[in-house]
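Architecture at a glance
This is what each chain is made of:
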Amino acid sequence: MKDLDKTKAQLIKELQETRQELISVTALKSAEASKHKQIKNILLESPERLDFFVENSPLAIIEWDSNFVVTKWTGNSEKIFGWSSDETIGISVMDLNMIYETDISIVQNSIDMLTHGINTHVVSINRNYRKDKKIIYCEWHNTALKDQNGNLLYVLSEVLDITDRKRTEEELIKAKEKAEESDRLKTAFIANMSHEIRTPMNGILGFAELLKEPNLSGEEQHEYIKIIEKSGARMLNIINDIIDISKIESGLIKVNINESNINSQIDYIYTFFKPEVERKGMKLIRRSSLPDKEAIIKTDREKLFAILTNLVMNAIKYSEQGSIEFGYEKKYEYLEFYVKDSGIGIKKERLTAIFERFVQEDISDVKARQGAGLGLTITKSYVEMLGGEIWVESEIGVGSTFYFTIPFDKAEDNQLIHWKRSIKNHIGHVANLKILIVEDDEISEYLVNEGVKIFGKEILKATTGDQAIETCRNNSDIDLVLMDIQLPILNGYEATQQIRQFNKDVVIIAQTAYGLFGDREKAIKAGCNDYLSKPIDKSELHSLISKHCKIKDCIERIGLQIL
Ligand code: ADP
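Quick look at the structure, then.

**Remarks on the environment of Met 98**
Structurally, the position occupied by Met 98 is in the loop between α4 (85–88) and α5 (104–116). For the pair Met 98 and Ile 135, spaced 37 residues apart in sequence, the C-alpha to C-alpha distance is 9.2 Å. For Met 98, the contacting residues outside a window of four places in its chain are Trp 73, Phe 81, Trp 83, Val 93, Arg 127, Asn 128, Tyr 129 and Trp 140.

**Observations regarding the sheet that holds strand β3 (residues 121–129)**
A sheet is described by the order of its strands in space; here 5 strands give the open sequence β2-β1-β5-β4-β3, paired in antiparallel fashion. This sheet does not close on itself; its edge strands, each paired only once, are β2 (70–75) and β3. The sheet shows a mean angle of 20 degrees between the axes of neighbouring strands, direction not considered. In terms of strand pairing, β3 meets strand β4 (residues 135–146) through 9 bridges, oriented antiparallel. From the neighbouring strand, Ser 124 faces β4, where its bridge partner is Trp 140. The strands that α5 touches are β1 (60–65), β3, β4 and β5 (152–161); relative to β3, the one it contacts most, it runs at about 155 degrees.

**Quick look at the environment of Ser 157**
Mapped onto the secondary structure, Ser 157 falls in strand β5. Considered as a pair, Ser 157 and Trp 140 are 17 residues apart in the sequence and their alpha carbons are 6.3 Å apart. Those residues within four positions of Ser 157 in sequence are excluded, and the remaining contacts are Ala 60, Ile 61, Ile 62, Trp 64, Trp 140, His 141 and Asn 142. A polar contact of 2.9 Å, which involves the side chain of Ser 157, links it to the side chain of Trp 64. A distance of 2.7 Å separates the side chain of Ser 157 from the side chain of Asn 142, its partner in a polar contact.

**Some details on the packing of aromatic side chains**
Scanning the entire structure with this criterion turns up 13 aromatic pairs. The interplanar angle of 80 degrees and the centroid separation of 5.2 Å between the aromatic rings of Phe 272 and Phe 273 together place this pair among those described as edge-to-face. On the accessibility criterion, Phe 272 (51% relative accessible area) is exposed. Between Trp 391 and Tyr 403 the ring centres are 5.4 Å apart and the planes differ by 15 degrees, which places this aromatic pair in the stacked class. With a gap of 12 residues between them, Trp 391 in strand β11 (residues 390–395) and Tyr 403 in strand β12 (residues 399–407) connect regions that are remote in the sequence. Each residue in the set Tyr 268, Phe 272, Phe 273 and Phe 305 is aromatic and connected to the rest through ring pairs, giving one cluster. In this structure, Lys 303 is placed above the aromatic ring of Tyr 382, and the distance from its NZ or CZ to the ring centre is 5.7 Å.

**Remarks on the layout of surface pockets**
To locate leftover empty space, one rolls a probe as large as a water molecule over the atoms. As a volume, the second largest pocket reaches approximately 340 Å³. As for the second largest pocket, its lining consists of 16 residues, of which Val 54, Ile 61, Glu 63, Lys 72 and Leu 156 are closest to the centre. Of all elements in the fold, only α2 (48–55), β1, β2, β4 and β5 reach the threshold of two or more residues within the lining of the second largest pocket.

**Quick word on the nonpolar core**
Grouped together as the largest cluster of nonpolar side chains are 43 residues, with contacts concentrated most on Leu 335, Phe 337 and Phe 404. Those elements giving two or more residues to this core turn out to be α7 (218–249), α8 (262–279), α9 (301–317), β9 (323–331), β10 (334–341), α10 (375–385), β11 and β12. Broken down by element, the residue count for this core peaks at 7 residues, all from α9. When residues no more than four places from it in sequence are discounted, the contact partners of Leu 335 are Ile 262, Leu 290, Ile 297, Tyr 328, Glu 329, Lys 330, Phe 404, Thr 405, Ile 406 and Phe 408. One finds Val 481, Ala 495, Ile 508 and Ala 523 within the second-largest nonpolar core, a separate group that totals 23 residues.

**Some details on the sheet that holds strand β16 (residues 507–512)**
Read from one edge to the other, the open sheet built from 5 strands follows the order β14-β13-β15-β16-β17, with strand pairing classed as parallel. Two strands lie at the open edges of the sheet, namely β14 (456–462) and β17 (530–533), each paired on one side alone. Across the sheet, the mean angle separating the axes of adjacent strands is 20 degrees when strand polarity is ignored. Where strand β15 (residues 480–484) and β16 come together, 5 bridges link them in parallel fashion. Each residue of the ladder has a partner; that of Leu 480, found in β16, is Val 507.

**With respect to the pattern of salt bridges**
The final tally for this structure, using the stated rule, is 20 salt bridges. Among the ionic pairs, Glu 458 bridges to Lys 434, the shortest N-O distance being 3.8 Å. Remark: Lys 434 occurs in strand β13 (residues 433–438) and Glu 458 occurs in strand β14; sequence separation between them is 24 residues. Residue Glu 458 is classed as partly exposed on the basis of its relative accessible area, which comes to 33%. Connected via shared salt-bridge partners are Glu 139, Arg 165, Lys 166 and Glu 169.

**What about helix α14 (residues 492–502)?**
Two residues of an α-helix separated by three or four positions point the same way, owing to the 3.6 residues in each turn. All of the buried residues in α14 are Gly 492, Tyr 493, Ala 495, Thr 496, Ile 499 and Arg 500. Within α14, the buried residues cover an arc of 160 degrees as seen down the axis, which keeps them to one side. As for α14, its buried residues are in contact with α13 (465–474), β15, β16 and α15 (519–526). N-cap assignment for α14: the residue whose side-chain oxygen lies 3.0 Å from the backbone N of Tyr 493 is Asn 491.

**Some details on the side chain of Thr 405**
With respect to the helices and strands, the residue Thr 405 is situated in strand β12. If near-sequence neighbours (up to four positions away) are discounted, Thr 405 is found in contact with Tyr 334, Leu 335, Glu 336, Val 383, Gly 388, Glu 389 and Trp 391.

**Topic: empty space enclosed by the protein**
Within this structure, the stated rule accounts for 2 cavities of 30 Å³ or more. Size it by volume and the largest cavity reaches roughly 180 Å³. Trp 64, Ile 99, Val 107, Ile 111 and Trp 140 are, among the 16 residues lining the largest cavity, the residues nearest its centre. For the lining of the largest cavity, the elements supplying multiple residues, two or more each, are α5, β3 and β4. Of the residues forming the lining of the largest cavity, the biggest block, 4 residues, is contributed by α5. Here the residues of the lining of the largest cavity are counted per class, giving 10 nonpolar, 6 polar and no charged.

**A closer look at α5**
For α5, which comprises 13 residues, the first-to-last C-alpha distance of 18 Å matches the rise-based estimate of 18 Å (1.5 Å per residue) to within 8%. Those residues of α5 that sit buried are Val 107, Ser 110, Ile 111 and Leu 114. Looking down the long axis of α5, one finds its buried residues gathered within 100 degrees of arc, a one-sided arrangement. Away from the buried face of α5 by more than 90 degrees, exposed residues Ser 105 and His 116 are located. Considering only its buried residues, α5 is in contact with β1, β3, β4 and β5.

Reading the values: the criteria
- The written sequence of each chain sets the order in which its residues are numbered from 1.
- Local features are withheld for residues below a pLDDT of 70 in this predicted model, meaning they are given only at 70 or higher, and side-chain atom pairs are given and counted only at 80 or more; totals for whole chains, interfaces and linings count all residues.
- As a rule here, side-chain values cover all heavy atoms of the structure and leave hydrogens and water aside.
- Runs of E in the DSSP output that reach at least two residues are strands. Runs of H or I that reach at least four are helices, and both are numbered from the N terminus.
- The contact rule is simple, with two residues in contact once any of their heavy atoms fall within 4.5 Å.
- We treat two strands as partners when DSSP finds at least two bridges between them.
- Between the N-to-C directions of two axes lies an angle of 0 to 180 degrees, each axis being a line fitted to C-alpha atoms and, for a helix, fitted only over the stretch in contact.
- Each polar contact in these results corresponds to two N or O atoms within 3.5 Å; when the atoms are within protein, one needs to be able to donate a hydrogen and the other to accept it, and residues that are neighboring in sequence are counted only if both atoms are side-chain atoms.
- Pairing of aromatic side chains requires ring centres within 6.5 Å, counting the rings of Phe and Tyr and the six-membered ring of Trp. Pairs whose planes differ by under 30 degrees are stacked, by over 60 edge-to-face, and all others tilted.
- Here the term buried applies to any residue with accessible area under 20% of the maximum for its type, exposed to any over 50%, and partly exposed to those in between, with areas from a 1.4 Å probe on protein chains only.
- Put simply, a charge is over a ring when the Lys NZ or the Arg CZ is close to the ring centre, within 6 Å, and near the line of the ring normal, within 35 degrees.
- Points on a 1 Å grid over protein atoms alone make up a cavity when a 1.4 Å probe fits among them but cannot get out, and a pocket when they form an open set with protein on both sides within 12 Å along at least five of seven lines; lining residues each have an atom within 4 Å of a point.
- Grid points are joined across faces, edges and corners, and a volume is the space filled by probe spheres set on the points.
- We define the nonpolar core as a collection of buried residues of types Ala, Val, Leu, Ile, Met, Phe, Trp, Tyr and Cys that are connected through side-chain atoms lying within 4.5 Å of one another.
- Salt bridge, as used here: a side-chain nitrogen of Lys or Arg that lies within 4 Å of a carboxyl oxygen of Asp or Glu.
- As used here, the arc is the angular range of directions from the helix axis to the C-beta atoms.
- Note that Gly is not counted as nonpolar here; it falls among the polar residues with everything else outside the nonpolar set of Ala, Val, Leu, Ile, Met, Phe, Trp, Tyr, Cys and Pro and the charged set of Asp, Glu, Lys and Arg.
- One fewer than the residue count of a helix, multiplied by 1.5 Å, yields its expected span.

Structure follows, in structure tokens:
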């Protein structure tokens, strides 16, 4: 019984102890809670709250002292500049080399204003380097803290990364300048073009009128016709230039890489321009520095030809005496071409501008007005398409030398052998072709006839697509069809497609009036072997006929060379 009493008393004691413990735990918990609440209140009402915002700010927040030593590096600083606070605190901002060289004066200026000026807040925009050396645009809001004597103690910089905004601004400015420039050039172009087109047009109409006069001597008639021809050629040049420029600008001109003997090109240009240069009492000199065997390279033959021709033509146009020399030299993996004249020269400040659209050396220069100011722009675009560069050295009154480079991409030797063999094979064929001219316009038909009669033993005519098909069906021995495309009812492409159904061998050359991009592709797709744009250039017509109809002796007879 005694034991039982003891156990009961013990249990009561233990219970009391447990209760006491429970009371103290609860008290503790409530004490903690109230402490937490207290801290929370302190945070909400104290400067620590500001720390929270500062640390989470999208701005870089940097404090530095009067010696530029960083004392705080917080906010978004690490993300914006790449350095952590450990890498910057205690270091001079200047030692971080974060100021973009050309913007040093902007920064210096705002430091001076903070140190010596009355303003305690200075805003500046400048470029900075990040730790990884990337350049960023920053907007710095600097606030100075000074002592009562006005000495600078600390500066707080709040920095916003405005790189994206700045880039957009720059792009907008560029676009605006480009639009203004285009507008200016367009106005200059219209003024220039109307002059350029009017002048040859006056020549054509004026002298055509004069030709009607009775009692003209044969010599006078011949002279007037020559002027009409020259004016027509000049107008055609202008139109071709405009078409070329618009094709270049809309990215429609493709590079067509083939093999080209540059010595032959140099020789051809030399032969072509020599009479004109000599007529002016000047001398034309050519220089090919590679032996023929090594002068076959892979490039766009037509573009190289156009570049050289344009530069030589300018050299002739802008020189009155002395000599014009052109040629090339091999320099490492490039060929460096040059066209040197002893002409009027170009002012130093215009040496780059002359390669821009519609820009002429000096608008008041009467001689400069002979062109549209497009030739060098086209030339430069072609050089760049071929992977080269163009530049000019010039001295007023002494002359100019235009240089350009193209990659020296040598053609295979066996191509040269093949080339020679194929030319050899063609020698011996005679010009006795049976030719069909398909043309509905009388004058065009007359011109084509004049151009091809040297090759023809028999020339047939058709004025519609249907007639062309019929004539081919009845004359399976026709060698060549010169197919106009603009025909009534059945056009030239459709007629060609039908002829191809029963005659795969006859050579068909299309002639179109537009000379636009895609004509060639359309003609080939329809089944033509090649394509010519109107007005038909006689030498182009001859070289196409010789290319497709294999009559080398004719080429020699008319003094043409295969380029
Ligand atoms: P243009 O049709 O006016 O000749 P270009 O684009 O070929 O146009 O040339 C632009 C300008 O560059 C010319 O108007 C001329 O003033 C100058 N120029 C070009 N080539 C020469 C040169 N060989 N000598 C002197 N000036 C030249």
